[in-house]
Amino acid sequence: HRRQRDRRFIVVCPSSLVSNWAKEFDKWIGKASQPKRVIVRNGNEEGLRKLRSFVPLKPNQSEVLILSYELFRLHVKVLCSAAKI
């Protein structure tokens, strides 16, 4: 991820593991600004806002979206509009 900074990834996992995945990224990569972590824990307005902030491609910034299977299913149309995933 350090060489190509415009890469984006999605981690889809059980809802009980969303926070664990975020902690693992912090553990192995540190709290560095790259890749930016977008963590969606619930499907309310704030969660949808976070999903929409992930959709536009940001130059020279890598991102990881972490969300549950259920939220992925609910918001797959929003995510399909994202480029380079």
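All figures in this text were calculated on a predicted structure; none of them were measured in a lab.

Trainee: Looking at this structure, how should I read the overall build of the chain?
Mentor: The number of helices and strands found in the chain is four helices and three strands. Listing each helix as α and each strand as β along the chain from the N terminus yields β-α-β-α-β-α-α. Evaluated residue by residue, the chain yields a buried proportion of 34% over its 85 residues. Taking the contacts inside the chain whose residues are at least 6 apart along the sequence as the reference set, 75% of them involve residues at least 24 apart. Accessible surface for the chain amounts to roughly 5,600 Å². Of this, 54% is attributable to carbon and sulfur atoms.

Trainee: How should I be thinking about helix α2 (residues 45-54) in this particular structure?
Mentor: In an α-helix, one turn spans 3.6 residues, which is why side chains three or four residues apart end up on the same side. Within α2, burial applies to Gly47, Leu48, Leu51 and Phe54. On an axial view of α2, the arc spanned by its buried residues comes to 115°, and they lie on one face. Those residues of α2 that are exposed and angled more than 90 degrees off the buried face are Glu45 and Arg49. The N-cap residue of α2 is Asn44: its side-chain oxygen and the backbone nitrogen of Glu46 are 3.1 Å apart.

Criteria and thresholds
- Residues numbered from 1 in each chain as written.
- Predicted model: local features only at pLDDT ≥ 70, side-chain atom pairs only at ≥ 80, totals over all residues.
- Heavy atoms only, no water.
- Helix = DSSP H or I, 4+ residues; strand = E, 2+ residues; numbered from the N terminus.
- Buried < 20%, exposed > 50% of the residue type's maximum accessible area, 1.4 Å probe, protein only.
- Contact = heavy atoms within 4.5 Å.
- Areas by Shrake-Rupley, 256 points an atom, 1.4 Å probe, with all protein chains shown as cover.
- Arc of directions from axis to C-beta.
- Polar contact = N/O pair within 3.5 Å; in protein donor to acceptor, adjacent residues only side chain to side chain.

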